[in-house]
Amino acid sequence: MPVPEFALGRLEAPDTRLEGGLPRVLVCTAGEVAVDGRLLRAGESAFSRGSAGGVELRGPGTIFWAQPSRVADAQGRGA
């Protein structure tokens, strides 16, 4: 069930940069993805602090991410 406090996403074979400003958990579920140069293999995860300037993703894998919702932040309910 979707909730307004969190945002979830999935990227396949990402070559992109996710914007910074919010803490984020990243989980590699298939293949390999480099997260800011650190290689994640299937089953591994990483945490990005909210103070980080963004997260660079590169590689042929699949990654899921979770973060507090910007809507929740705007309503004063974010972390």
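For the structure itself, consult the block above.
In what follows, the accompanying structure is described.

Positive phi, normally seen in glycine, also occurs at A13, with a value near 45°. You can call A13 partly exposed: its relative accessible area is 46%. The backbone phi angle of D36 is positive, close to 50°, even though this residue is not glycine. Secondary-structure assignment places D36 in the loop between β4 (32–35) and β5 (38–41). A relative accessible area of 46% places D36 in the partly exposed class.

The next thing to look at is the packing of aromatic side chains. Scanning the entire structure with this criterion turns up zero aromatic pairs. Looking at R24, its charged tip hangs above the ring of W65, at a distance of 5.8 Å from the centre.

Let us now look at the environment of R38. Looking at the element boundaries, R38 is found in strand β5. Along the sequence, R38 and E56 sit 18 residues apart, while their C-alpha atoms lie 9.9 Å from each other. Excluding anything up to four places from it in sequence, R38 contacts V33, S45 and A46.

Attention now moves to the nonpolar core. One finds L18, L26, C28, V33, V35, L40, A46, V55, L57, I63 and W65 forming the largest nonpolar core, which totals eleven residues. At the level of elements, β3 (24–30), β4, β7 (55–58) and β8 (62–68) are the ones that each hand at least two residues to this core. Beyond its immediate chain neighbours, meaning those up to four positions away, V55 contacts T16, R17, L18, R24, L26, V35, D36 and S48.

Our focus in this paragraph is the pairing of β7. On β7, burial follows the alternation: V55 and L57 on one face are buried, whereas E56 and R58 on the facing-out side are not. Of the pairings in the sheet, the one linking strand β2 (residues 15–18) to β7 comprises four bridges and is antiparallel in character. Bridge pairing in β7 links L18 to V55. Across two bridges, β4 lies against β7 in antiparallel orientation. Residue A34 lies in a different strand from β7, and its bridge partner there is R58.

Turning to the sheet that holds strand β6 (residues 45–48), a few remarks are in order. Spatially, four strands are ordered β1-β8-β3-β6 in an open sheet, and the strand pairing comes out antiparallel. Each edge of the open sheet carries a strand with a single partner, namely β1 (6–12) and β6. If you compare each strand with its neighbour and ignore which way they point, the axes differ by 20° on average.

Basis of the calculations
- Each chain has its residues counted from 1, following the order in which its sequence is written.
- Restriction of local features to residues with pLDDT of at least 70 applies here, the model being predicted, together with a cutoff of 80 or more for giving and counting side-chain atom pairs; totals for whole chains, interfaces and linings are based on all residues.
- To obtain the side-chain values, all non-hydrogen atoms of the structure were included, while hydrogens and water were left out.
- Residue burial is assigned from relative accessible area. The probe radius is 1.4 Å, only protein chains are included, and a residue is buried under 20% of its type maximum, exposed over 50%, and partly exposed in between.
- Put simply, DSSP marks the helices as runs of H or I at least four residues long and the strands as runs of E at least two long, and each gets a number from the N terminus on.
- Any Phe, Tyr or Trp ring, taking Trp's six-membered ring, that has another such ring centre within 6.5 Å forms a pair; planes under 30 degrees apart are called stacked, those over 60 apart edge-to-face, and the others tilted.
- Here, over-ring charges are defined by two tests on the NZ atom of lysine or the CZ atom of arginine: distance to the ring centre within 6 Å, and angle to the ring normal within 35 degrees.
- Note on contacts: a residue pair is in contact if any heavy atoms of the two residues lie within 4.5 Å.
- The term nonpolar core refers to a set of buried residues drawn from Ala, Val, Leu, Ile, Met, Phe, Trp, Tyr and Cys, joined through side-chain atoms within 4.5 Å.
- Note on pairing: DSSP must find at least two bridges between two strands before they are called paired.
- As a rule, the C-alpha atoms of each element are fitted with a line to give its axis, helices using only the stretch in contact, and angles between N-to-C directions run from 0 to 180 degrees.

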